[in-house]
Amino acid sequence: MGGVVQMHFGTVDYVIFALLLAASAGIGLFYAFSGGRQRTTQEFLMADRSMSWLPVSLSLLATFQSAVAILGAPSEVYTFGTQYWFLGCSYFLGLLIPAHVFIPVFYRLRLSSAYEYLELRFNKTVRICGTVTFIFQMVIYMGVVLYAPALALNAVTGFDLWGAVLAMGLVCTLYTALGGLKAVMWTDVFQTVVMFAGQLAVIIVGAHQAGGIAEVWRKALNGSRIAGLDLNPDPLERHTFWTLGVGGIFLMLALYGVNQAQVQRYLSSRTEKEAVMSCYVVFPCQQIVLCLGCLMGLVMFARYGEDSPLDKGYVKTNDQMVLYFVMDVFKDLPGLPGLFVACLFSGALSTISSAFNSLATVTMEDLIKPHFPNMTESKATLLSKGLALAYGLICLAMAYIASLMGSVLQAALSIFGMVGGPLLGLFCLGMFFPWANSIGAVVGLAAGLAMAFWIGIGSFVMRMPSLVPPITTVTPSPFENLTTTVMTTLFNATTTKPRPTGVEALYSLSYMWYSAHNSTTVVVVGLIVSLLTGPMKEKQLTPGTVYPVLGNLLFFLPERYTEKLCCVTPLAQKPKEINTRPYERNKKGENGAAYCKEDMVTEDKEMESDSAHTEDEESRATLPLCQLTPHCVEETAL
């Protein structure tokens with residue numbers, strides 16, 4: 001069993017693991033006692049809106065490159081082959097759409113929480129519904145993402161289970177509560193480097209021991225692990241080009257378009273241009289991460305062939321198999337197992353620190369500030385730090401609960417994935433359909449969540465009789481990760497069974513289509529209810545909250561028809577002067593909502609001396625956002 005390799009962890013490995021924790025804590029302490037010393041909510045929650053594209057892009061990458069994904073992708077490729085690589089095709093639109101649709105809308109409204117948008121577009125009820133849904137999914141998720149890799153590590157190597165959980169949880173809570181978003185993002189950068197180093201070390205050493213990359217490829221080819229282009233349109237097939245390349249777009253949008261952890265990073269950028277640039281930089285990084293996971297799976301196959309450690313009984317689940325492989329490859333190389341453990345827990349650290357920070361932000365901005373508008377800045381900052389600390393302790397409590405859940409653990413993981421699609425649908429309903437109203441939004445969200453849980457739980461229950469040890473996450477994102485834990489119990493043998501019909505067909509839907517199906521449910525139900533209860537008129541819309549996609553698509557219609565369809569409201573535009581500095585809050589108090597209810601772009605007195613701007617440009621700054629035209633907002637050289 002796994003005890004065969006338990007003695008391979010030596011003093012050097014524990015030292016490397018300790019160094020990871022010390023470096024992460026050190027970065028947090030540096031930002032706690034330098035710069036503005038996290039004295040304002042703007043600095044603590046939004047990094048003073050002063051971040052450049054490099055840390056933002058690497059933080060975007062690290063946030064959802066969880067430890068579960070680091071273990072899951074290689075085992076997926078080892079078991080099923082490289083078909084999974086076609087997920088990379090979804091990254092094109094999955095990152096282009098957020099860069100050119102979601103970022104402009106969120107950034108120009110100067111939000112702190114993505115859910116502020118829902119109040120601007122609909123009303124406070126919709127905002128609260130979105131916030132509560134997000135808090136629910138993140139609280140469920142963050143304990144599990146810390147506990148699951150620690151459990152696998154303990155089973156294979158004997159690495160102390162609760163020692164690892166407590167050390168990671170407490171260090172992460174420390175640097176998140178003290179250093180704020182700046183600390184979280186710069187530790188993400190450090191942890192991304194560690195993740196790449198750990199995976200590269202395994203691939204290089206493993207490929208060398210297998211006889212080189214050419215030999216690895218030859219064995220994978222002979223073992224039918226190199227997959228071709230599968231154009232089967234069947235949505236019940238687990239992985240085809242369409243499920244990965246098209247269904248994956250919706251999963252990417254749920255992550256990089258509307259998830260608070262990512263939106264918060266976009267909004268911390270110095271300028272909108274840098275926020276967009278960070279999205280572009282994430283694209284090649286995601287492709288590299290995907291390729292590393294696939295390569296590690298192929299190197300595993302070259303080493304074990306069809307005779308896997310799982311079949312031999314050395315390990316019980318596929319995520320443990322990856323760790324067994326790492327220990328096997330590094331058995332005569334002290335220190336390198338510790339490097340991979342650091343890589344593994346860097347994934348966990350970056351994910352849960354983002355969870356703490358984003359949860360503190362939405363709780364503060366959406367649930368507390370609206371009820372205490374006169375709260376002083378110092379109290380608000382102290383409370384934000386207290387919230388980050390509280391969520392850190394809740395994470396440890398959730399890790400303990402996860403340890404008691406047993407087989408239900410996989411169902412708890414999938415809850416996170418179920419919620420991603422409906423939230424994406426809610427934002428799309430508001431952003432792309434001007435006539436959608438608040439009643440339609442609430443009913444649509446409820447319908448989407450009901451559909452998500454119905455399909456998710458139904459598929460889980462349907463497979464219970466033949467449930468095998470689940471294949472852990474195989475994707476670079478928690479939405480995919482968590483849904484996959486339930487869905488990947490399918491094996492090739494299932495293709496010989498009769499095609500499911502009726503409700504069973506719905507339960508058999510590929511997990512890659514979950515986000516698309518559930519978000520579409522929200523949009524369709526929301527539009528129907530909106531039309532039945534009285535659609536919104538254009539004059540009722542807050543300028544800048546609707547992206548004019550319908551107006552662009554229906555350009556050939558006469559204006560009188562587009563007006564009736566509410567398709568003429570342009571996207572809020574920003575003048576040049578605001579493009580060269582971060583958006584700031586209203587002067588009435590930094591604790592107020594991070595948007596201007598007057599929909600006016602105000603001049604900051606501190607910027608009046610900036611000679612780079614003309615009087616004409618300054619006069620445009622007082623125009624309502626909805627009246628600024630595209631040719632007055634050409635990007636300036638940074």
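Keep in mind the model is a prediction, meaning the values are calculated, not measured.

## Focus: the overall build of the protein chain
Phase 1: The number of helices and strands found in the protein chain is 26 helices and zero strands.
Phase 2: Expressed as a percentage of its 638 residues, the buried residues of the protein chain come to 62%.
Phase 3: Counted over contacts in the protein chain with a minimum sequence separation of 6, partners at least 24 positions apart contribute 85%.
Phase 4: For the protein chain, the accessible surface area stands at approximately 23700 Å², while carbon and sulfur atoms represent 67% of it.

## Description of the nonpolar core
Phase 1: By size, the foremost hydrophobic cluster in this structure holds 171 residues, and its most contacted members are Phe340 and Phe345.
Phase 2: When sequence neighbours within four positions are dropped, the list of residues in contact with Phe345 reads Phe17, Leu20, Ala150, Leu153, Ala164 and Met168.

## What to know about the confidence of the model for the protein chain
The predicted coordinates should not be examined in detail at positions where pLDDT is low.
Phase 1: Averaged over all residues, the pLDDT of the protein chain equals 77, while 78% of them reach at least 70.
Phase 2: Here helix 20 (residues 478-487) is the element of the protein chain with the lowest mean pLDDT, 38, and helix 22 (residues 514-533) is the one with the highest, 93.
Phase 3: This model gives residues 466-496 a pLDDT under 50, and the stretch forms 105 contacts once residues within four places in sequence are excluded.

## Focus on unusual backbone geometry
Phase 1: Unusually for a residue other than glycine, Arg49 sits at a positive phi of about 50°.
Phase 2: Tracing the backbone through its elements, the reader meets Arg49 in the loop between helix 2 (41-46) and helix 3 (53-63).
Phase 3: Although it is not a glycine, Arg110 adopts a positive phi angle of roughly 55°.
Phase 4: Counting through the fold element by element, Arg110 comes out in the loop between helix 5 (91-108) and helix 6 (116-121).

## Brief notes about the environment of Leu253
Phase 1: Here Leu253 shows up in helix 11 (residues 247-256).
Phase 2: For Leu253, a relative accessible area of 8% translates into the label buried.
Phase 3: Residues Leu253 and Ile97, spaced 156 residues apart in sequence, show a C-alpha to C-alpha distance of 7.6 Å.
Phase 4: Beyond its immediate stretch of four places on either side in the chain, Leu253 contacts Leu93, Gly94, Ile97, Pro98, Phe102, Val258 and Leu424.

## Overview of the packing of aromatic side chains
Phase 1: A complete count under the given rule lists 21 aromatic pairs for this structure.
Phase 2: Measuring from centroid to centroid gives 6.1 Å for Phe433 and Trp435, while their planes differ by 70°, and the two rings are edge-to-face.
Phase 3: A connected cluster of aromatic rings, assembled from ring pairs, spans Phe102, Phe106, Tyr115, Tyr117, Phe134, Phe427 and Phe432.
Phase 4: The aromatic ring of Phe80 is capped on one face by Arg238, whose charged end is 4.4 Å from the ring centroid.

## Considering the side chain of Thr381
Phase 1: Along the chain, the position of Thr381 falls in helix 17 (residues 377-405).
Phase 2: Here Thr381 falls in the buried class, since its relative accessible area comes to 4%.
Phase 3: For Thr381, the contacting residues outside a window of four places in its chain are Gln38, Arg39, Thr40 and Thr41.

## Regarding the environment of Leu20
Phase 1: Along the chain, the position of Leu20 falls in helix 1 (residues 11-32).
Phase 2: According to the relative accessible area criterion, Leu20 is buried, its value standing at 3%.
Phase 3: When the C-alpha positions of Leu20 and Cys343 are compared, they lie 9.1 Å apart, and in sequence the two are 323 residues distant.
Phase 4: Each residue touching Leu20, except ones within four places of it in the same chain, is listed here: Phe190, Val194, Ala342, Phe345, Ser346 and Leu349.

## Observations concerning the packing of helix 5 against helix 11
Phase 1: Here helix 5 crosses helix 11 at 40°, and the two axes come no closer than 8 Å. In this view, helix 5 runs oblique relative to helix 11, as classed from their interaxial angle. The handedness of the crossing between helix 5 and helix 11 is right-handed. Packed against helix 5, whose contacting residues are Tyr91, Leu93, Gly94, Leu95, Ile97, Pro98 and Phe102, the element helix 11 presents Ile249, Met252, Leu253 and Tyr256 at the interface.
Phase 2: By residue class, the composition of the contact of helix 5 with helix 11 is ten nonpolar, one polar and no charged.

## Some words on the environment of Asn154
Phase 1: By the element assignment, Asn154 lies in helix 7 (residues 124-157).
Phase 2: When the C-alpha atoms of Asn154 and Ala164 are compared, they prove to be 9.2 Å apart, with ten residues separating the residues in sequence.

## Observations concerning the pattern of salt bridges
Phase 1: With the rule as written, the count across this model stands at twelve salt bridges.
Phase 2: For the salt bridge of Arg270 with Glu274, the shortest nitrogen-to-oxygen distance reads 3.0 Å.

## Quick look at a nonpolar patch on the surface
Phase 1: A cluster of nonpolar side chains, namely Trp162, Leu166, Leu170, Leu389, Leu393, Tyr400, Ile401 and Leu404, defines an oily patch on the protein surface of about 770 Å² accessible area.
Phase 2: Within the residue set of the nonpolar patch, elements represented by two or more residues are helix 8 (161-210) and helix 17.
Phase 3: If one sorts the elements of the nonpolar patch by residue count, helix 17 sits on top with five residues.
Phase 4: Positionally, Leu393 belongs in helix 17.

## Considering the side chain of Lys369
Phase 1: Structurally, the position occupied by Lys369 is in the loop between helix 16 (336-368) and helix 17.
Phase 2: A polar contact is formed between the side chain of Lys369 and the side chain of Glu365, at a distance of 3.1 Å.

## Topic: the packing of helix 3 against helix 8
Phase 1: Between helix 3 and helix 8, the least distance of the axes is 8 Å, while the angle of their chain directions is 65°. By crossing handedness, the relation of helix 3 to helix 8 is classed as left-handed. Here helix 3 contributes Pro55, Val56, Leu58, Ser59, Leu61, Ala62 and Thr63 to the contact with helix 8, which in turn contributes Met185, Trp186, Asp188, Val189, Thr192, Met195 and Phe196.
Phase 2: When the residues that make up the contact of helix 3 with helix 8 are grouped by side-chain class, the tally is ten nonpolar, three polar and one charged.

## Description of helix 19 (residues 438-462)
In an α-helix, one full turn covers 3.6 residues, which means residues spaced three or four apart are oriented alike.
Phase 1: Along its 25 residues, helix 19 runs 36 Å from first to last C-alpha, staying within 8% of the 36 Å computed at 1.5 Å per residue.
Phase 2: For helix 19, the capping residue at the N-terminal end is Asn437, with a side-chain oxygen 3.2 Å from the backbone nitrogen of Ile439.

What counts, and at which threshold
Residues numbered from 1 in each chain as written. Predicted model: local features only at pLDDT ≥ 70, side-chain atom pairs only at ≥ 80, totals over all residues. Heavy atoms only, no water. Helix = DSSP H or I, 4+ residues; strand = E, 2+ residues; numbered from the N terminus. Buried < 20%, exposed > 50% of the residue type's maximum accessible area, 1.4 Å probe, protein only. Contact = heavy atoms within 4.5 Å. Areas by Shrake-Rupley, 256 points an atom, 1.4 Å probe, with all protein chains shown as cover. Core = buried A, V, L, I, M, F, W, Y, C linked by side-chain atoms within 4.5 Å. pLDDT = per-residue confidence, 0-100. Phe/Tyr/Trp six-rings, centres within 6.5 Å; stacked < 30°, edge-to-face > 60°. Lys NZ or Arg CZ within 6 Å of the ring centre and 35° of its normal. Axes fitted to C-alpha atoms, helices over the stretch in contact; angles between N-to-C directions. Parallel < 35°, antiparallel > 145°, perpendicular 65-115°, else oblique. Left-handed = near helix turned anticlockwise from the far one by under 90°. Nonpolar A, V, L, I, M, F, W, Y, C, P; charged D, E, K, R; others polar. Salt bridge = Lys/Arg side-chain N within 4 Å of Asp/Glu carboxyl O. Patch = residues over 30% accessible without salt bridge, like charges linked within 9 Å, V, L, I, M, F, W, Y side chains within 5 Å. Polar contact = N/O pair within 3.5 Å; in protein donor to acceptor, adjacent residues only side chain to side chain. Expected span 1.5 Å × (residues − 1).

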